[in-house]
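# Coordinate analysis (summary)
So you can see what is in the structure, the chains are spelled out below.
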Amino acid sequence: MLTDALPPNSRPAELARARGILAQGGIVAVPTETVYGLAADATHDRAVAAIFTAKGRPSFNPLIIHVDGVAMADTYGVLSPLAFALAEAFWPGPLSLVVPVRKGSGLAAAVTAGLPTVAVRHPKGLMADLVAMLNRPLAAPSANRSGRISPTTAAHVARDLGDAVDLILDDGPASVGLESTIVAPQDDGRIQILREGAITAAMLAPFGPVEGRFAPTHVENNASPTSPGQLLAHYAPSVPLRMAVQEPMDGEGWLTFGPHKTPSADTKIVTYHLSPTGDLEEAARRLYAGLQVLDTSGVQSIGVAPIPDAGIGRAINDRLRRAAHGSTVSTGQTTPYD
């Protein structure tokens, strides 16, 4: 069920409605600054199971729990001094911390997929509001079919999940547009990046040695990941995707970045500009929307212009590599890259 965008005077009522659904074990699509998440009470076994069913998510893939601050995070996970420091610096915001799960936490077993750790994040916006209202953490992966393009608007959620969701809260487009950076703070002070995101290695470096930035962890989809966000085939359109495309093929959708020449009028090229000025943050915000537009436009494939592999550009390229791999898995193609 899709709501209208929430005007200020309707927000309390819609949040109360969402809280009621969550308290009874339902699932609600909720916007965050990263992407729209499919939320359920993280302590409710049946509710968490409903997330996996709605998404078609493999049971071995753990979930991130969303909290309303450091105190709740430390109730369900064991935060080291380094984890506390990172939380204080970057929360609320797009950083998830993988920490030991606290004994007797009461989290649904499926949240951690049998791992001794849990990924925890304090988001901005309505998700944090709902956590505070419920006074329990919300498990919330992206609100889309497993492996498909992540949603950055309520309309994306409705198109992909439809009636599988009890309620969709619409708070406009996500402001970051990419899933959170996931890190595992180590006891020896190292910070291991498990998934790239808007919180970059350079931003983390003042807190300790950063690892994983040059070799992000990719796990084949028939293997068990050690945290959320590690599956190799992910974020995929329904047609093949090629990276580093300087010149699109006839009939191909073109995801451009920076000042690119316009395809000639006699070619059948559908173009979506991530950022005509070459702004990587704008490109990140528009990435999934662009993939959604091209994937539903009838193109035979999608070509993506080269994206600088620096700053948040590393996270963009991480998602594109997984989308390219995922598109070859779903279409039977064999060459994900140009």
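Structure: see above.
Let me sum up the structure you'll find in this document. (Residues numbered from 1 in each chain as written. Predicted model: local features only at pLDDT ≥ 70, side-chain atom pairs only at ≥ 80, totals over all residues. Heavy atoms only, no water.)

### Topic: the overall build of the protein chain
- From N to C terminus, the protein chain includes 10 helices and 15 strands.
- Counting the 338 residues in the protein chain, one finds 56% classified as buried.
- Sequence-distant contacts, at least 24 apart, represent 66% of the contacts inside the protein chain between residues at least 6 apart.
- Accessible area for the protein chain stands at about 13,200 Å²; split by element, carbon and sulfur atoms hold 54% of it. (Helix = DSSP H or I, 4+ residues; strand = E, 2+ residues; numbered from the N terminus. Buried < 20%, exposed > 50% of the residue type's maximum accessible area, 1.4 Å probe, protein only. Contact = heavy atoms within 4.5 Å. Areas by Shrake-Rupley, 256 points an atom, 1.4 Å probe, with all protein chains shown as cover.)

### Comments concerning the environment of Gly212
- With respect to the helices, strands and loops of the structure, Gly212 is situated in the loop between β11 (210-211) and β12 (241-242).
- Separated by 19 residues in sequence, Gly212 and Ile193 place their C-alpha atoms 5.0 Å apart.
- Once you skip the residues sitting within four places of it in the chain, Gly212 turns out to touch Ile193 and Glu196.

### Notes on the nonpolar core
- Within the largest apolar cluster, 63 residues are counted, with the highest numbers of intra-cluster contacts made by Ile65, Leu86, Trp91, Leu95, Leu97, Leu169 and Leu204.
- The next biggest cluster of nonpolar side chains, apart from the first, holds 31 residues, and it includes Leu241, Ala283, Ile316 and Leu320. (Core = buried A, V, L, I, M, F, W, Y, C linked by side-chain atoms within 4.5 Å.)

### Let's talk about the pattern of salt bridges
- In the structure shown here, the tally under the stated rule is 13 salt bridges.
- Between Glu14 and Arg17 there is a salt bridge whose closest N-O contact spans 3.6 Å. Of this pair, Glu14 and Arg17 both sit in helix α1 (residues 11-23), 3 residues apart, roughly one helical turn.
- Accessibility expressed as a relative area gives 35% for Arg17, which makes it partly exposed.
- Notably, a salt bridge pairs Arg148 with Asp295, separated by 3.7 Å at the nearest N-O pair. With a gap of 147 residues between them, Arg148 in the loop between β7 (138-139) and α7 (154-161) and Asp295 in helix α9 (residues 280-295) connect regions that are remote in the sequence.
- For Asp295, a relative accessible area of 17% translates into the label buried.
- A single network of salt bridges, built from pairs that share partners, joins Glu179, Asp318, Arg319 and Arg322. (Salt bridge = Lys/Arg side-chain N within 4 Å of Asp/Glu carboxyl O.)

### Quick notes on the packing of α1 against helix α6 (residues 126-134)
- Running from N to C, α1 and α6 point in directions that differ by 60 degrees, and their axes come no closer than 10 Å. One way to sum up the angle between α1 and α6 is to call them oblique. Remark: the crossing between α1 and α6 carries right-handed chirality. Where α1 approaches α6, its residues Arg11, Leu15, Ala16, Ala18, Arg19, Leu22 and Ala23 are matched on the opposing element by Leu126, Asp129, Leu130, Met133 and Leu134.
- Tallied by class, residues from the contact of α1 with α6 come to 9 nonpolar, no polar and 3 charged. (Axes fitted to C-alpha atoms, helices over the stretch in contact; angles between N-to-C directions. Parallel < 35°, antiparallel > 145°, perpendicular 65-115°, else oblique. Left-handed = near helix turned anticlockwise from the far one by under 90°. Nonpolar A, V, L, I, M, F, W, Y, C, P; charged D, E, K, R; others polar.)

### Details of the side chain of Asn144
- Relative to the helices and strands, Asn144 resides in the loop between β7 and α7.
- On the accessibility criterion, Asn144 (0% relative accessible area) is buried.
- At 3.1 Å, the side chain of Asn144 forms a polar contact with the backbone oxygen of Arg148.
- For Asn144, the residues in contact, after removing those within four places along its chain, are Lys55, Ile149, Ser150, Pro151, Asp160 and Leu161. (Polar contact = N/O pair within 3.5 Å; in protein donor to acceptor, adjacent residues only side chain to side chain.)

### Concerning α1
- A rise of 1.5 Å per residue sets the reference length of α1, with its 13 residues, at 18 Å; its end C-alpha atoms lie 18 Å apart and thus fit the reference within 8%.
- Listed in full, the buried residues belonging to α1 are Glu14, Leu15, Ala18, Ile21 and Leu22. Burial along α1 is one-sided: seen end-on, the buried residues are contained in an arc of 120 degrees. In α1, the exposed positions angled more than 90 degrees off the buried face are occupied by Pro12 and Ala13.
- Count one or two residues on from α1 and you reach Gly25, which has phi positive near 90 degrees. (Expected span 1.5 Å × (residues − 1). Arc of directions from axis to C-beta.)

### Things to note about the sheet that holds β12
- The strand order β12-β15-β13-β14 describes an open sheet built from 4 strands, whose pairing is parallel. The sheet is open, and its two edges are formed by β12 and β14 (270-275), each paired on a single side.
- For strand β13 (residues 252-257) and β14, the ladder comprises 5 bridges, and the chain directions are parallel. When the sheet's bridge partners are listed, Gly253 is paired in β14 with Val270. (Pairing = 2+ DSSP bridges.)

Fair warning: the whole summary comes from geometry, so function is off the table for now.
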